[in-house]
Amino acid sequence: MPLRPPESVTPPVARRRPHPLVAHGDQREDDWYWLREGSDPETVAYLEAENGHTESVLATLGDLRQVLFGEIKGRIKETDVGAPARRGPWWYYGRTTEGLQYGVSCRRADPDRSLTAAEVLVLAEAGADGEEVLLDENQLAEGSDYFSLGVFDVDHRQRRLAYGVDLTGGERYTLRFRDLATGEDLPDEVPDVYYSSAWSADDEWFFYTRPDDAVRPYQLWRHRIGTPASDDVLVVQEDDERFFLAVGNTLSERYIVVVSESNVTSEVSVLDARHPLEEPRLIEGRRQGVEYSIDHAVLPEEGDVFLILSNDDGAENFALWR
């Protein structure tokens, strides 16, 4: 039977407040543009009225809501451990605990490389000694109504962790750096950061992206560990609003890859991670409809090569070049 609200319940109606929007020579009126202003008392009052209306309509369900919630929650394994991944002499994994809202990122040393992923999983689930907590999101979120983790990037020597925190929901993160030997954060603090990141080969330089007013990542910045954010340097800016900018390291950790990408077109530049102050070098200029991504490898007979996955030259399902 469809849910029907009581006859006496009347939904709130948002007041029309015309606002002109001009784009590409065209003008239109948006009567509800004012609802974008989350701090406007009238917006808050309207949202509270919507919430009140929802509660009035659902009141006829009685305890059924809690029963449904309990059944859904009962099918979730709240205390759980993710699959471990090896990086050098360390196994990295995440775990969750019943009753806590957020995850915990951990690692376990395996200098002899004698453990399998399955064995590490057993040790983690048993709570065996030797686990090192890198980041407890529950502690970071304490006292905040909202929490989201953005960047999570351990450096090449696995001594420092770069991580981004958003406490507002605006997808604009504050970047911090943690000394994994002490568990303490360094003085460095970089505001207004987006998701992607990369380390230089010596772990002394960190690359990150920043969003514009539309939360489109469009700038690549370089930060030197131990210096204030005001000294950071703008490396690349993507002015075409169709393209998003991202950065990362190759699997070999030899190069830093800078990607400008729209829905159907991409452009990639690379920077030698051993020379982080140089300018990125273009792999192939953007051509409408051509998508590609790259990685670096050292082949036994050919030495250093870039592997390129692309739909160029009519490869509708993509082809691999070197």
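Described in the following lines is the structure provided in the data block. Note that the structure is predicted; figures quoted are calculated from it, not measured.

1. With respect to the packing of aromatic side chains
Ring pairs (aromatic) are described by centroid distance and by the angle formed between their planes. Across all of its chains, the model carries 7 aromatic pairs by this definition. Plain terms: the ring middles of Phe177 and Trp199 are 6.0 Å apart, the flat faces sit at 75° to each other, and that makes the pair edge-to-face. Of the two residues, Phe177 is situated in strand 10 (residues 173-179) and Trp199 in strand 12 (residues 197-199); the sequence distance between them amounts to 22 residues. Given the relative accessible area of 0%, Trp199 is considered buried. The interplanar angle of 75° and the centroid separation of 4.6 Å between the aromatic rings of Tyr194 and Tyr195 together place this pair among those described as edge-to-face. Taken together, Tyr173, Tyr194 and Tyr195 form an aromatic cluster joined through their ring pairs. Against the face of Trp221 rests Arg210, its NZ or CZ located 5.0 Å from the ring centre. For the cation-ring pair, Arg286 lies above Phe243, with the distance from its terminal atom to the ring centre recorded as 4.2 Å.

2. Concerning a nonpolar patch on the surface
A contiguous nonpolar surface patch, about 240 Å² in accessible area, is contributed by Leu64, Val67 and Leu68. Tracing the backbone shows Val67 in helix 2 (residues 64-74).

3. A few points about the environment of Asp26
Its place among the elements puts Asp26 in strand 2 (residues 26-29). For Asp26, a relative accessible area of 47% corresponds to the partly exposed category. Residues Asp26 and Ser266 lie 240 residues apart in sequence; the distance between their C-alpha atoms is 29 Å.

4. Concerning the sheet that holds strand 22 (residues 319-321)
The strand order across the open sheet formed by 3 strands is 20-21-22, and the pairing between neighbours is antiparallel. The strands lining the two open edges of the sheet, one partner per strand, are strand 20 (292-299) and strand 22. Along the sheet, successive strands turn relative to each other by an average axial angle of 25°, direction set aside. Strand direction decides the pairing type here: strand 21 (residues 303-310) and strand 22, joined by 3 bridges, are antiparallel. By the bridge assignment, Ser310 is partnered in strand 22 with Ala319.

5. Quick look at the pairing of strand 17 (residues 255-261)
Summarising burial for strand 17: 5 of the 7 residues are buried, a large majority. With antiparallel pairing between neighbouring strands as the criterion, strand 16 (residues 244-249) and strand 17 make up a hairpin whose turn holds 5 residues, including Glu253 at a positive phi of roughly 65°. Of the pairings in the sheet, the one linking strand 17 to strand 18 (residues 266-272) comprises 7 bridges and is antiparallel in character. From the neighbouring strand, Glu261 faces strand 18, where its bridge partner is Ser266.

6. Quick look at the environment of Leu186
Of note, Leu186 is situated in strand 11 (residues 184-193). Residue classification places Leu186 among the partly exposed residues on the basis of a relative accessible area of 24%. Taking the C-alpha atoms as reference points, Leu186 and Ile225, separated by 39 residues in sequence, lie 8.7 Å from one another. Beyond its immediate stretch of four places on either side in the chain, Leu186 contacts Arg160, Phe177, Asp179 and Ile225.

Cut-offs applied
Residues numbered from 1 in each chain as written. Predicted model: local features only at pLDDT ≥ 70, side-chain atom pairs only at ≥ 80, totals over all residues. Heavy atoms only, no water. Phe/Tyr/Trp six-rings, centres within 6.5 Å; stacked < 30°, edge-to-face > 60°. Helix = DSSP H or I, 4+ residues; strand = E, 2+ residues; numbered from the N terminus. Buried < 20%, exposed > 50% of the residue type's maximum accessible area, 1.4 Å probe, protein only. Lys NZ or Arg CZ within 6 Å of the ring centre and 35° of its normal. Patch = residues over 30% accessible without salt bridge, like charges linked within 9 Å, V, L, I, M, F, W, Y side chains within 5 Å. Areas by Shrake-Rupley, 256 points an atom, 1.4 Å probe, with all protein chains shown as cover. Salt bridge = Lys/Arg side-chain N within 4 Å of Asp/Glu carboxyl O. Pairing = 2+ DSSP bridges. Axes fitted to C-alpha atoms, helices over the stretch in contact; angles between N-to-C directions. Contact = heavy atoms within 4.5 Å.

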